[in-house]
Amino acid sequence: MRDFDPAAAFGPAVSAWYDQTPRGDETVAVDLLAGYANGDSALEFAIGTGRIALPLAARGVRVDGIELSTDMVDQLRAKPGGSELDVVVGDMATATTGRTYPVVYLVFNTIFNLLTQDDQVRCFENAARHLADDGVFLIEAAVPSAWLPSNQYVNAEQVESSYVVLDVCRYDPATQILDENHVRLDAGGVRLSPISCRLAWPSELDLMARLAGLELVDRWGGWEKERYTGEGRHVSVYGRR
């Protein structure tokens, strides 16, 4: 996507409404992550507004974060308990907290926000550096086919009496880059929310893990440990080889 800046993708306009569209599975996600943290600590890559981190911290887990967007961090800080979390502003592929954890996690497809295979590998390597000896790195992401009915499409995400939201996408199979723009049309005009993602199948992520000295421990089709079918999404857990 021409002129797309990943650092600005979650700026003031996006961060202001980000929490208005909860997915509904935050509680079960926290349940699973709390089990891996076991009352100790956790590190969230791309901690965002704290939709997962804050309820996890409320379970007695020390939660640290790494986040590229200062605007998302501002939203986190404005919430009860948000100022108590230790957040490093930086790239999750390289930034460090200087600590190790029983669990490092990355949810909501955020691994795809890294737009090259090299950066995605570096993210795995960075997670490995932050893991305790018996720690795990957990990733939740969609399988690419869930996002790609064709290489380009327009989907009516929301149709209401006062507004319409269109999802406009174009996919390049050579680079695995999906350029996407959420277009909101209402009486106030047009609002664009562009994002680029590099999609990767679980098998490619497994190889990235091996390059980082990790291996697949478990894979499910969701946060409640549903059977993985190769469709929809996956929750994948990696540990040291």
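Okay, so let's go over this structure. (Residues numbered from 1 in each chain as written. Predicted model: local features only at pLDDT ≥ 70, side-chain atom pairs only at ≥ 80, totals over all residues. Heavy atoms only, no water.)

**Notes on the layout of surface pockets**
For the record, the criterion: Only protein atoms enter the 1 Å grid, on which a cavity is a set of points fitting a 1.4 Å probe that cannot get out and a pocket is an open set with protein on both sides within 12 Å along at least 5 of 7 lines, lining residues being those with an atom within 4 Å of a point. Grid points are joined across faces, edges and corners, and a volume is the space filled by probe spheres set on the points. Put simply, DSSP marks the helices as runs of H or I at least four residues long and the strands as runs of E at least two long, and each gets a number from the N terminus on. Just so you know the grouping, Ala, Val, Leu, Ile, Met, Phe, Trp, Tyr, Cys and Pro go in nonpolar, Asp, Glu, Lys and Arg go in charged, and all remaining residues, Gly too, go in polar.
There is about 160 Å³ of room inside the second largest pocket. As for the second largest pocket, its lining consists of Met1, Gln152, Val168, Cys169, Arg170, Asp179, Glu180 and Asn181. Put simply, the parts of the chain that give the lining of the second largest pocket at least two residues each are β7 (163–172) and β8 (177–186). A breakdown of the residues in the lining of the second largest pocket according to their chemical character gives 3 nonpolar, 2 polar and 3 charged.

**Brief notes about the pattern of salt bridges**
This is how it is decided: Take a side-chain nitrogen of Lys or Arg and a carboxyl oxygen of Asp or Glu: if they are within 4 Å of each other, that pair is a salt bridge. Partly exposed describes any residue whose relative accessible area lies between the buried limit of under 20% and the exposed limit of over 50%, with all areas from a 1.4 Å probe on protein chains only and scaled to the type maximum.
Evaluated as defined, the whole model comprises 11 salt bridges. Salt-bridge contacts for Glu140 lead to Arg233; the nearest nitrogen and oxygen are separated by 2.7 Å. One end of the pair, Glu140, is in strand β5 (residues 131–142); the other, Arg233, is in strand β11 (residues 233–240), and 93 residues separate them in sequence. On the accessibility criterion, Glu140 (1% relative accessible area) is buried. Across the salt bridge formed by Arg198 and Glu204, the nearest N and O atoms sit 2.9 Å from each other.

**Some points on the packing of helix α5 (residues 117–129) against helix α6 (residues 202–211)**
Condition: Simply put, an axis is a line fit to the C-alpha atoms, just over the touching stretch for a helix, and the angle between two N-to-C directions goes from 0 to 180 degrees. Should an angle fall under 35 degrees it is taken as roughly parallel, and over 145 as roughly antiparallel, whereas 65 to 115 is taken as roughly perpendicular and any remaining angle as oblique. For a crossing to be left-handed, the near helix must be turned anticlockwise from the far one by less than a right angle; the clockwise case is right-handed. The contact definition used throughout considers only heavy atoms, calling two residues in contact when any of these lie within 4.5 Å.
Following both chains from N to C, one finds α5 and α6 inclined at 55 degrees, their axes separated by 8 Å at the closest point. Put simply, α5 runs oblique to α6. Taken as a pair, α5 and α6 cross one another with a handedness that is right-handed. Across the interface between the two elements, Gln117, Gln120, Val121, Phe124 and Glu125 from α5 touch Glu204, Leu205, Met208, Ala209 and Leu211 from α6. Residue classes in the contact of α5 with α6 are distributed as 6 nonpolar, 2 polar and 2 charged.

**Section: the pairing of strand β4 (residues 101–106)**
What counts is decided by this rule: Two strands pair under a simple rule: DSSP has to find at least two bridges between them. A right-handed crossover is one whose linking path, passing over the helix from the first strand to the second, runs clockwise when the strands point away from the viewer.
With 6 of 6 residues buried, β4 is to be regarded as a mostly interior element. Note that strand β1 (residues 41–45) and β4 share 3 bridges and pair parallel. Residue Glu44 lies in a different strand from β4, and its bridge partner there is Tyr105. Crossover β4 to β5 through α5 is right-handed.

**With respect to the packing of aromatic side chains**
The condition that has to hold: Stacked, tilted and edge-to-face are the three classes applied to pairs of Phe, Tyr and Trp rings, where Trp contributes its six-membered ring and a pair requires centres within 6.5 Å; stacked means planes under 30 degrees apart, edge-to-face means over 60, and tilted covers the rest. Whether a charge sits over a ring comes down to the Lys NZ or Arg CZ being within 6 Å of the ring centre and within 35 degrees of the ring normal.
Per the counting criterion, the structure on display carries 4 aromatic pairs. Centre to centre, the rings of Phe124 and Tyr238 are 5.5 Å apart; their planes meet at 80 degrees, and the pair counts as edge-to-face. Of this pair, Phe124 sits in helix α5 while Tyr238 sits in strand β11; the two residues are 114 residues apart in sequence, bridging distant segments of the chain. In this structure an aromatic cluster arises from ring pairing among Phe45, Phe124, Phe137 and Tyr238. Directly above the ring of Tyr163 sits Arg184, whose terminal nitrogen or CZ lies 3.9 Å from the centroid. Taking NZ or CZ as reference, Arg219 lies 5.8 Å from the ring centre of Tyr228, over its face.

**A closer look at the side chain of Arg219**
Stated precisely, the cut-off is as follows: In protein, a polar contact requires one atom able to donate a hydrogen and another able to accept it; more generally it is a pair of N or O atoms within 3.5 Å, and residues adjacent in sequence count only if both atoms are side-chain atoms.
By the element assignment, Arg219 lies in strand β10 (residues 214–220). Note on Arg219: relative accessible area 18%, which makes it buried. A distance of 2.5 Å separates polar atoms of two side chains, one belonging to Arg219 and the other to Asp206. A distance of 2.7 Å separates polar atoms of two side chains, one belonging to Arg219 and the other to Ser236. In this structure Arg219 touches Pro202, Asp206, Tyr228, His234, Val235, Ser236 and Tyr238, once residues within four positions along its chain are discounted.

**Notes on the sheet that holds strand β9 (residues 189–198)**
In spatial order, the strands read β6-β7-β8-β9; together these 4 strands make up an open sheet with antiparallel pairing. Where the open sheet ends on each side, the last strands, each with one partner, are β6 (152–159) and β9. For this sheet the average axis-to-axis angle between neighbouring strands, irrespective of direction, equals 20 degrees. Pairing geometry for β8 and β9, over 10 bridges, is antiparallel. In the sheet register, Asn181 faces β9, and the bridge partner there is Pro194.

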